[in-house]
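Descriptive structure summary
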Amino acid sequence: MDQLDDIIIDIEGMSFSRSERLIFDNINIRIPKGKVTAIMGPSGTGKTTLLKLIGGQVRADSGSIKIEGLDIPRLSRSALFDIRSRMGMLFQSGALFSDLTVFENVAFPLRVHTDLPEDMVRDLVYMKLQSVGLRGAVELMPSELSGGMARRVALARAIALDPDILMYDEPFTGQDPIAMGVLVKLIKTLNRTLGHTSIVVSHDIQETLSIADYIYLIADTHVVAQGTTQELLADTSPKVKQFMQGLPDGPVPFHFPAQDYFQDLVGGEL
Amino acid sequence: MISRIETLGRTGLLKLAALGRSFIFLLHALIAIPNPRTSFPLLIKQLYFVGVLSLIIIVVSGLFIGMVLSLQGYTILVDFGSEQAVGQMVALSLVRELSPVVAGLLFAGRAGSALTAEIGLMKATEQLSSMEMIGVDPLRRVVAPRFWAGFIALPLLTMIFSVVGVWGALLVGVDWLGIYEGSFWANMQSAVSFEEDVLNGIIKAVVFGYLVTWISVFQGYDCVPTSEGISQATTKTVVYSSLTILGMDFLLTALMFGDL
Ligand SMILES: Nc1ncnc2c1ncn2[C@@H]1O[C@H](COP(=O)(O)OP(=O)(O)OP(=O)(O)O)[C@@H](O)[C@H]1O
Ligand SMILES: [Mg+2]
């Protein structure tokens with residue numbers, strides 16, 4: 001973690017706000033190369049936004065986001081598309097192309113970025129679908145899949161090109177315990193055997209802790225804690241403890257910023 | 001009072017910004033060297049959705065408009081004993097004005113709104129975002145083929161509209177009301193000039209096709225990605241397209257036929 005050339009994504013002093021609401025205030029995050037980094041934090045803190053910032057889909061207001069030295073917010077449109085072909089992202093909603101079959105969805109990145117012959121594309125698609133347990137669904141349309149299945153197809157699509165950087169936005173949500181176990185193993189295997197850098201955004205603490213090499217806990221526009229699994233579990237600060245143990249009461253607010261509850265309740269009659 | 005002026009100014013600025021965005025959007029979508037191997041099938045697919053699927057409404061409307069023009073023209077012209085001129089009247093009004101305008105309006109309602117809703121839904125379900133993250137520019141992959149398809153389809157649909165309209169006029173005028181067929185065609189042939197009338201009508205259709213598809217794809221791409229936003233964008237597409245067609249039609253007519 002201290003070795004500078006082991007850092008693939010380096011976010012420095014980055015601030016970002018959306019409709020005048022500050023989402024990130026001058027944060028620093030470093031993602032080590034070839035490791036699994038987990039981003040955790042309460043719902044609505046901006047974890048999805050962070051992944052979009054790394055992918056260059058939204059631009060930071062200030063600060064830098066460097067991927068191997070390239071500053072994402074300052075790249076040209078075409079340079080951005082070039083670097084994205086080396087990233088894979090699993091969207092929170094799956095985001096499969098609704099006019100293409102499962103097969104064509106997974107084949108999409110292969111077709112646009114490679115010139116592989118058709119039977120090779122076919123083999124690769126079947127392999128990726130097999131690894132998420134959905135080889136049988138190859139001819140279905142996205143509208144015929146359940147939420148958890150769609151997400152697994154989206155995962156197969158994200159890993160189709162074996163990208164250097166994989167970003168998973170809530171990969172475990174909506175999966176049954178068996179699929180969950182398979183996905184945890186899959187992410188681990190992809191990381192260990194192929195050396196991908198993985199960023200996992202998740203609320204499932206047990207699963208995340210079991211695969212993450214390094215964890216960032218963000219809340220309230222800041223990084224509130226960071227470290228290895230052991231370090232975070234051993235952390236005694238109340239914020240970290242509350243989140244890691246899932247307690248409703250504590251310094252991390254469960255509520256979206258709002259005016260006084262009592263005021264809202266009686267406000268109608270005043 | 002002041003606040004009203006402020007609102008007006010703010011609305012004006014927002015509209016101006018949207019107009020600027022739409023120019024940049026169009027530029028990004030169209031300035032690209034297409035890869036024939038991937039672009040051509042995409043274009044064909046969109047031509048089918050935008051053009052072929054609009055055929056029925058265009059043919060049926062063209063037929064009825066031709067028939068009704070013929071009937072109205074006959075009842076007026078017969079008083080002057082010049083009912084043979086029905087052919088030229090119908091052909092000129094169709095080719096110069098009605099075909100481009102009516103076909104354009106129908107096209108905006110049938111194909112334009114569908115384009116907006118489709119692209120808006122792709123945006124709302126993050127399909128455009130995920131395409132971007134795969135490293136494919138949705139402006140080139142999604143927007144450009146739809147734009148070109150609309151641009152190509154409307155002039156063709158307009159020509160079909162004219163042909164079917166003249167046929168409808170023939171059915172009513174000759175077969176039903178008994179105008180002598182020879183003078184029906186002869187008058188039409190001598191009155192309609194290819195450069196003056198037919199070509200100008202096609203130019204109108206090209207301009208309308210360009211504007212309607214531009215409005216449609218931009219409204220879809222720029223919409224607020226919610227179900228409400230999509231429905232608003234679809235409405236805007238139809239309203240803006242219709243107003244643009246009617247306004248531009250007056251302008252073009254003044255330019256083309258104003259000195260006659
Ligand atoms: N398009 C948008 N326009 C304005 N505000 C937005 C938009 N998208 C997200 N936000 C705001 O940004 C904040 C962060 O959103 P984000 O989706 O990144 O949260 P998250 O950490 O991924 O939450 P979750 O765990 O629930 O997925 C939210 O509070 C939300 O209100
Ligand atoms: Mg999220």
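The paragraphs below set out a description of the structure included in this document.

Rules behind the numbers
- Residues numbered from 1 in each chain as written.
- Chains lettered and ligands numbered in written order.
- Predicted model: local features only at pLDDT ≥ 70, side-chain atom pairs only at ≥ 80, totals over all residues.
- Heavy atoms only, no water.
- 1 Å grid on protein atoms, 1.4 Å probe; cavity = no way out; pocket = protein on both sides within 12 Å on 5 of 7 lines; lining within 4 Å.
- Points joined across faces, edges and corners; volume = space filled by probe spheres on them.
- Helix = DSSP H or I, 4+ residues; strand = E, 2+ residues; numbered from the N terminus.
- Nonpolar A, V, L, I, M, F, W, Y, C, P; charged D, E, K, R; others polar.
- Near = heavy atom within 4 Å.
- Polar contact = N/O pair within 3.5 Å; in protein donor to acceptor, adjacent residues only side chain to side chain.
- Areas by Shrake-Rupley, 256 points an atom, 1.4 Å probe, with all protein chains shown as cover.
- Sits in = over half its atoms within 2 Å of the grid points.
- Donors = N, O, S within 2.8 Å, 3.2 Å for Na, K, Ca; no water.
- Buried < 20%, exposed > 50% of the residue type's maximum accessible area, 1.4 Å probe, protein only.
- Contact = heavy atoms within 4.5 Å.
- Buried area = accessible area lost by both parts, 1.4 Å probe.
- Salt bridge = Lys/Arg side-chain N within 4 Å of Asp/Glu carboxyl O.
- Pairing = 2+ DSSP bridges.
- Axes fitted to C-alpha atoms, helices over the stretch in contact; angles between N-to-C directions.
- Parallel < 35°, antiparallel > 145°, perpendicular 65-115°, else oblique.

**Looking at empty space enclosed by the protein**
Going through the model one piece at a time under the given rule, you end up with 3 cavities of 30 Å³ or more. Going through the elements one at a time, β6 (87-90) and α5 (147-158) of chain A together with α5 (127-134) of chain B are the ones with two or more residues in the lining of the largest cavity. A breakdown of the residues in the lining of the largest cavity according to their chemical character gives 9 nonpolar, 3 polar and 1 charged.

**Regarding the site of ligand 1**
Residue and element names in this part refer to chain A. Neighbouring ligand 1 are 15 residues; R21, S43, K47, T48 and T49 lie closest to it. R18 places a side-chain nitrogen or oxygen 3.2 Å from a nitrogen atom of ligand 1. Within the contact set of ligand 1, an oxygen atom lies 3.5 Å away from a side-chain nitrogen or oxygen of E170. Out of a free accessible area of 640 Å², ligand 1 has 66% covered by protein chains. When each cavity is represented as a set of grid points, ligand 1 is found to reside in the largest pocket. When contributions to the shell around ligand 1 are tallied by element, the ones reaching two or more residues are β2 (21-32) and α1 (47-54). Among the elements that take part in the shell around ligand 1, α1 stands out by supplying 3 residues, more than any other.

**Structural notes on the coordination of the magnesium ion (ligand 2)**
Residues and elements named next belong to chain A. Coordination of the magnesium ion (ligand 2) by the protein involves T48 (OG1) and Q92 (OE1), with metal-donor separations of 1.9 to 2.3 Å. With T48 in helix α1 and Q92 in the loop between β6 and α3 (102-113), the pair connects residues that are 44 residues apart, well separated along the chain. Residue T48 is classed as partly exposed on the basis of its relative accessible area, which comes to 24%.

**As for the interface of chain B and chain A**
Taken together, the contacts link 18 residues of chain B with 23 residues of chain A. Taking both partners together, chain B and chain A bury about 1,800 Å²; carbon and sulfur atoms supply 55% of that area. The largest per-residue losses of area from chain B upon contact with chain A belong to E126(B), M133(B) and I134(B), which jointly make up 37% of the total buried on that side. Remark: the boundary between chain B and chain A carries 3 salt bridges. A salt bridge links K45(B) to D99(A); its shortest N-O distance comes to 3.6 Å. Sort the elements by how many residues they give to the side of chain B that touches chain A and α5(B) lands first, with 7 residues.

**With respect to the sheet that holds strand β10 (residues 222-227) of chain A**
Residue and element names in this part refer to chain A. Overall, mixed pairing links the 6 strands, which are arranged β6-β7-β8-β3-β9-β10 in an open sheet. At either end of the open sheet lies a strand with only one pairing partner, and these are β6 and β10. Strand-to-strand twist in this sheet, taken as the mean axis angle between neighbours without regard to direction, amounts to 15 degrees. As defined by bridge partners, strand β7 (residues 165-169) adjoins strand β8 (residues 197-201) across 5 bridges and the pair is classed as parallel. When the sheet's bridge partners are listed, L166 is paired in β8 with S198. In this fold helix α6 (residues 177-194) packs onto β3 (36-40), β7 and β8, with an angle of close to 165 degrees to the strand it touches most, β7.

**Overview of unusual backbone geometry**
Residues and elements named next belong to chain A. Phi is positive for D162, close to 50 degrees, though the residue is something other than glycine. Among the structural elements, D162 can be located in the loop between α5 and β7. A relative accessible area of 34% means that D162 is categorised as partly exposed. One non-glycine residue, T221, lies in positive phi territory at about 65 degrees. Note that T221 resides in the loop between β9 (214-219) and β10.

**As for the packing of helix α1 (residues 2-30) of chain B against helix α8 (residues 194-221) of chain B**
All names here are of chain B. Running from N to C, α1 and α8 point in directions that differ by 105 degrees, and their axes come no closer than 10 Å. Classified by the interaxial angle, the pair formed by α1 and α8 is roughly perpendicular. Of the residues in α8, those touching α1 at A18, R21, S22, F23, F25 and L26 are Y210, W214, V217, F218 and Y221. Residue composition of the contact of α1 with α8, grouped by class: 9 nonpolar, 1 polar and 1 charged.

**A few points about the sheet that holds β2(A)**
Residues and elements named next belong to chain A. The strand order across the open sheet built from 4 strands is β2-β1-β4-β5, with neighbouring strands paired in antiparallel fashion. This sheet does not close on itself; its edge strands, each paired only once, are β2 and β5 (70-71). Direction of pairing for strand β1 (residues 7-18) relative to β2: antiparallel, over a ladder of 8 bridges. Bridged to R18 within β2 is R21. Here α1 sits on the sheet and contacts β1, β2 and β4 (62-67); the angle it forms with β1, its principal contact strand, is near 120 degrees.

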